[in-house]
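Summary of the model geometry
One letter stands for each residue in the lines below.
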Amino acid sequence: METVIKTKKGIFVKTDKEFGAVVFSPYSGLFFAISKEYVNDALNYCNEKKYNLPNDIIKHLTIGINFEKNFEIKSHWLPEKNAFSYINENVFPNSPIVINWLISNNCCFNCNYCYAGDVIDKPTELADPTKIAQKILDTNPLAVVFSGGEPLREKQKIIDGLNVLGNKVGIMIDTNGYHYDHDLAKLFQKHNAVIRISLDSLHNELNSKIRPLKNNKSNADVLNTIITNITKYRDMKIPVLIHTVVSSVNKNSLYDLYDKLPSLGVNGWRLFSVIKPNDENKQEKFKKLMIFGKAKNIDDAQQEIQKEIKILNNKYISKSNFSLQIVHSSENHKNSVVLVLPSGKFVTESRVKNEKIEISDKSIFDKNKVDLIGHYERYLGQIKL
Ligand code: SF4
């Protein structure tokens, strides 16, 4: 696979002869695949040269640049899934679409399902962020997520990381939304970063039941603070996506989020079904989060959650002014994410045990540690092979 190009329009493109291209738009925070026959023209279009492309490709690439309220996003495989009939498991490129860099190992929240509970507040080797960023860049990702813990608590590391990665790959910041730093926000604006904020309900009490602060006393202000921070980013024209983890406690609040999030000016919404945390200390709280309402055990609860997500997905469409994406995140696909720990170690979640396993930064998808097709489908949606 070729290295990533930041095109004249600011859209990031990575091409591959056998596969086609993968694209990250910093205007919408969305990923797309472009089928082989349209790659050259898509590159020409993004570089403001002469092109000949189906309208559907142009419309998807310009989400967030052009405003077309009723344009429906049917697929992230462009111009449509059928154009990828040549796809088989051997043509998926061996370089990652996204690397999630857990830049911080601390957080002021204590979410009941925290996926990073085995990293947070645990001692870690101090590593040079500039060197880690270079190692990440060497793996040729299309985009890098600064995550944690709460990344905004690591101002200097973000600055160092952006010095290496900015303009070379797409940048996303996964934050709890409770922190805001105006200097960093200006830097995000300069590097066309997309902000992704975790929010599980628009009712403060419910959100704080799932995602309480470590200091419980301040829970009453959480939702207001997050909404104020969303407004600050949007005022700076920085795209914001909301991440919601669906558990038994909030599965009935999804319609409320779908109805109200667009009025906050957010660009889109990504939904994940909850997965069991690795951290032993979280197991009891996780059980409480799942065995709620009609569910008698965790398996029942998971089935109910999947049912609710399916109903929502059938009922609501994804539009260009508010994209909706259900992320493939069940227990069977845990190893579809590439993570880099604060120490600089590359890991993925083990599919069989509740733990992270080390992977080589030289061959991320080797020995089936990271599920290659699962990784592509996580960002692009499912394609039936
Ligand atoms: S905000 Fe994120 S990192 Fe912090 S506790 Fe919650 S899930 Fe974990």
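For the structure, see preceding data.
Only a predicted model underlies this, so the values are computations on that prediction, with no experimental measurement involved.

Next up on the list: the overall build of the chain. When helices and strands are tallied, the chain shows eleven helices and 15 strands. Here the C-alpha radius of gyration of the chain, 20 Å, is about what a compact globule of 385 residues would show, namely 21 Å. If you line up the chain on its principal axes, its C-alpha atoms span 60 × 45 × 40 Å. Sorting the 385 residues of the chain into buried and exposed places 58% on the buried side. Taking the intrachain contacts of the chain between residues at least 6 apart in sequence as the baseline, contacts between residues at least 24 apart amount to 70%. Of the roughly 17,100 Å² of accessible surface on the chain, 46% is carried by carbon and sulfur atoms. Positive and negative side-chain charges in the chain, numbering 53 and 43 respectively, have mean positions lying 2 Å apart.

Attention now moves to the pairing of strand 6 (residues 98-102). Within a regular beta strand, the side chains point alternately toward one face of the sheet and then the other, so they alternate between its two faces. Of all five residues in strand 6, five are buried; the element is thus mostly enclosed. As judged from the five bridges shared by strand 6 and strand 7 (residues 143-147), these two strands associate in the parallel manner. Pairing of N100 across the sheet is with V145, part of strand 7. For the segment spanning strand 6, helix 3 (residues 129-138) and strand 7, crossover handedness is right-handed. Examined bridge by bridge, strand 6 and strand 13 (residues 339-340) share two bridges and lie parallel to one another.

Okay, the sheet that holds strand 1 (residues 5-6) next. Across the sheet, five strands lie side by side as 1-2-3-4-5; this open sheet has mixed pairing. At either margin of the open sheet sits one strand with a lone partner, and together these are strand 1 and strand 5 (77-78). Lying over the sheet, helix 1 (residues 39-46) contacts strand 1, strand 2 (12-16), strand 3 (20-25) and strand 4 (30-34), oriented at roughly 160 degrees with respect to strand 2. Of the strands in this sheet, strand 3, strand 4 and strand 5 touch helix 11 (residues 372-380), which is tilted by about 120 degrees from strand 4.

With respect to topology, ten strands assemble into an open sheet ordered 12-11-10-9-8-7-6-13-14-15, the strand pairing being mixed. In this open sheet, the two edge strands, each paired with only one partner strand, are strand 12 (323-327) and strand 15 (356-358). Sheet topology places strand 13 next to strand 14 (residues 346-349); two bridges connect them, and they run antiparallel. Across the sheet, V340 pairs through a bridge with F346, a residue of strand 14.

What follows is about the environment of G148. Looking at the element boundaries, G148 is found in the loop between strand 7 and helix 4 (155-165). The sequence separation of G148 and I103 amounts to 45 residues, and the corresponding C-alpha distance is 5.5 Å. In this view, G148 contacts L102, I103, S104, Y115 and A116; residues no more than four positions away in its chain are not counted.

Next up on the list: the packing of aromatic side chains. Under the criterion given, the structure shown has 18 aromatic pairs. Residues W77 and F84 carry aromatic rings whose centres are separated by 5.1 Å and whose planes lie at 80 degrees to one another, so their mutual orientation is edge-to-face. W77 sits in the buried class, given a relative accessible area of 0%. Look at F84 and you get buried, because its relative accessible area is 3%.

With that out of the way, let us pick up unusual backbone geometry. Geometrically, the link from L78 to P79 is a cis peptide bond, its omega value of 0 degrees lying close to zero. Mapping P79 onto the fold places it in the loop between strand 5 and strand 6. Each neighbour pair has its own omega, and for G148 with G149 the value is 20 degrees, a cis peptide bond. Note on placement: G149 falls in the loop between strand 7 and helix 4. Notably, N167 is not glycine yet its phi reads approximately 75 degrees, a positive angle. Looking at the element boundaries, N167 is found in the loop between helix 4 and strand 8 (170-175). Judged by its relative accessible area of 42%, N167 falls in the partly exposed class. Of note in this structure, K237 is not a glycine but carries a positive phi near 60 degrees. Inspection of the secondary structure assignment puts K237 in the loop between helix 7 (222-235) and strand 10 (240-246). K237 gets classed as exposed once you look at its relative accessible area, which sits at 70%.

What counts and how
- Residues numbered from 1 in each chain as written.
- Predicted model: local features only at pLDDT ≥ 70, side-chain atom pairs only at ≥ 80, totals over all residues.
- Heavy atoms only, no water.
- Helix = DSSP H or I, 4+ residues; strand = E, 2+ residues; numbered from the N terminus.
- Rg over C-alpha atoms; globule rule 2.2 N^0.38 Å.
- Buried < 20%, exposed > 50% of the residue type's maximum accessible area, 1.4 Å probe, protein only.
- Contact = heavy atoms within 4.5 Å.
- Areas by Shrake-Rupley, 256 points an atom, 1.4 Å probe, with all protein chains shown as cover.
- Lys, Arg positive; Asp, Glu negative; His and termini not counted.
- Charge placed at Lys NZ, Arg CZ, Asp CG, Glu CD.
- Pairing = 2+ DSSP bridges.
- Right-handed = clockwise from strand over helix to strand, strands pointing away.
- Axes fitted to C-alpha atoms, helices over the stretch in contact; angles between N-to-C directions.
- Phe/Tyr/Trp six-rings, centres within 6.5 Å; stacked < 30°, edge-to-face > 60°.

Any functional reading would require information beyond the geometric quantities listed.
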